[in-house]
Amino acid sequence: MLEVDNIHVNYGRLQALRGVSLSVREGEIVCVVGPNGAGKSTTLGAIAGGVTPHAGRITLRGQSLGGLPPEAVARLGVSLVPEGRHVFGSLTVAENLRIGTFQRRDRAAVAADFERILEHFPRLRERLQQPAGRLSGGEQQMLVIGRALMTRPRLVMVDEPSLGLAPKIVDQVYDILIKLRHAANLTLLINEQSSERVLKFADRIYVMRGGRIHLEDRAANLQDGKAIMQAYFGFADGTGAPPPLSPAPTMKRAAE
Ligand SMILES: Nc1ncnc2c1ncn2[C@@H]1O[C@H](COP(=O)(O)OP(=O)(O)OP(=O)(O)O)[C@@H](O)[C@H]1O
Ligand SMILES: [Mg+2]
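From a predicted model like this one, the values you see are computed outputs, not experimental measurements.

Conventions adopted
- Residues numbered from 1 in each chain as written.
- Chains lettered and ligands numbered in written order.
- Predicted model: local features only at pLDDT ≥ 70, side-chain atom pairs only at ≥ 80, totals over all residues.
- Heavy atoms only, no water.
- Pairing = 2+ DSSP bridges.
- Helix = DSSP H or I, 4+ residues; strand = E, 2+ residues; numbered from the N terminus.
- Axes fitted to C-alpha atoms, helices over the stretch in contact; angles between N-to-C directions.
- Contact = heavy atoms within 4.5 Å.
- Donors = N, O, S within 2.8 Å, 3.2 Å for Na, K, Ca; no water.
- Buried < 20%, exposed > 50% of the residue type's maximum accessible area, 1.4 Å probe, protein only.
- Core = buried A, V, L, I, M, F, W, Y, C linked by side-chain atoms within 4.5 Å.

Time to look at the pairing of strand 10 (residues 212-218). Inspection of the sheet shows strand 9 (residues 204-209) paired to strand 10 by 6 bridges, in the antiparallel sense. Paired with M208 across the bridge in strand 10 is I213. Here strand 9 folds back onto strand 10 in antiparallel fashion, the turn holding 2 residues, of which G210 has a positive phi close to 60°.

Right, dumping it as structure tokens:
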């Protein structure tokens with residue numbers, strides 16, 4: 001469905017992506033894990049059209065996304081839920097869900113989409129007329145996911161849905177995403193800093209660090225976590241432990 005082929009992205013002089021390739025098949029759940037600054041958000045931004053790579057190719061079902069603005073990528077069925085849960089705080093939950101649909105003429109279909117989405121998010125249904133700013137963090141995460149679904153996407157990219165949420169709430173968010181995969185026929189590309197949770201439900205995992213992919217495999221092959229640790233931290237010996245710290249030269253001199 002999606003092919004990212006050797007993309008490079010710079011922010012000024014900073015090389016954020018140094019040749020990233022990944023692919024997502026129809027119906028898969030693929031997770032990209034990696035530490036802060038690895039380039040995970042930049043990768044999703046490049047696919048969604050908000051960030052322009054200076055080299056490489058991105059194709060969706062064989063069609064190049066190169067140079068397309070975000071609205072055009074969205075029209076092809078790709079939806080990005082950015083990190084940080086951006087809701088319109090003074091608008092109601094219902095208004096937040098409908099915000100992307102005001103241009104649509106097919107009002108009956110919009111109403112049906114709205115209803116279909118609320119079936120998956122009972123907490124949102126209970127709070128439809130409340131300002132979105134008053135929702136809890138977990139509810140806001142559900143709201144931004146629900147809003148992304150209003151455009152009937154086929155590929156949904158979610159950037160760090162667990163960020164700052166309690167583990168129990170993260171479980172609820174992921175339960176919904178996994179159910180939606182079948183119910184709404186979705187393909188999912190998800191960024192997370194931690195591999196622990198995604199190992200349970202991802203089909204495949206990419207480990208990213210320093211703007212590069214360091215590991216790609218089926219989640220089933222990565223369950224012991226060793227290879228992920230090695231790729232994530234860049235340890236050479238594969239023990240999963242950081243290399244011993246060598247004393248800083250200045251300290252040595254002080255001891256002499
Ligand atoms: N708009 C920007 N302008 C300049 N540098 C940026 C910008 N966005 C990201 N960067 C830099 O690009 C690199 C990759 O950032 P990115 O946000 O893609 O990483 P990430 O893996 O999503 O990290 P995190 O887990 O912290 O969200 C980092 O060094 C970051 O500081
Ligand atoms: Mg990020």
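Right, picking up where we left off after that structure.
All right, on to the sheet that holds strand 10 then. Pairing in this open sheet of 6 strands is mixed, and the strands run 6-7-8-3-9-10 from one edge to the other. The strands lining the two open edges of the sheet, one partner per strand, are strand 6 (78-81) and strand 10. The mean inter-strand angle of the sheet, taken between neighbouring strand axes irrespective of direction, is 15°. On top of the sheet, helix 7 (residues 167-183) reaches strand 3 (29-33), strand 7 (155-159) and strand 8 (187-192); it is set at about 155° to strand 8, its chief contact. Sitting on the sheet, helix 9 (residues 226-233) touches strand 3, strand 9 and strand 10, and the angle it makes with strand 9 is about 25°.

For the magnesium ion (ligand 2), every protein donor is listed as S41 (OG) and E83 (OE), and the spread of their distances is 2.0 to 2.6 Å. Here S41 is found in helix 1 (residues 40-48), whereas its partner E83 is found in the loop between strand 6 and helix 3 (93-98), with 42 residues between them in sequence. E83 sits in the partly exposed class, given a relative accessible area of 31%.

Turning our attention to the nonpolar core. Membership of the largest hydrophobic core comes to 48 residues, with the highest contact counts inside it found for F121, I190 and I205. Every residue in contact with I190, bar those within four places of it in the chain, is listed here: I29, V30, C31, V32, V158, P161, Y174, L177 and F201. With 27 residues, the next largest nonpolar core counts I7, V30, A46 and V51 among its residues.

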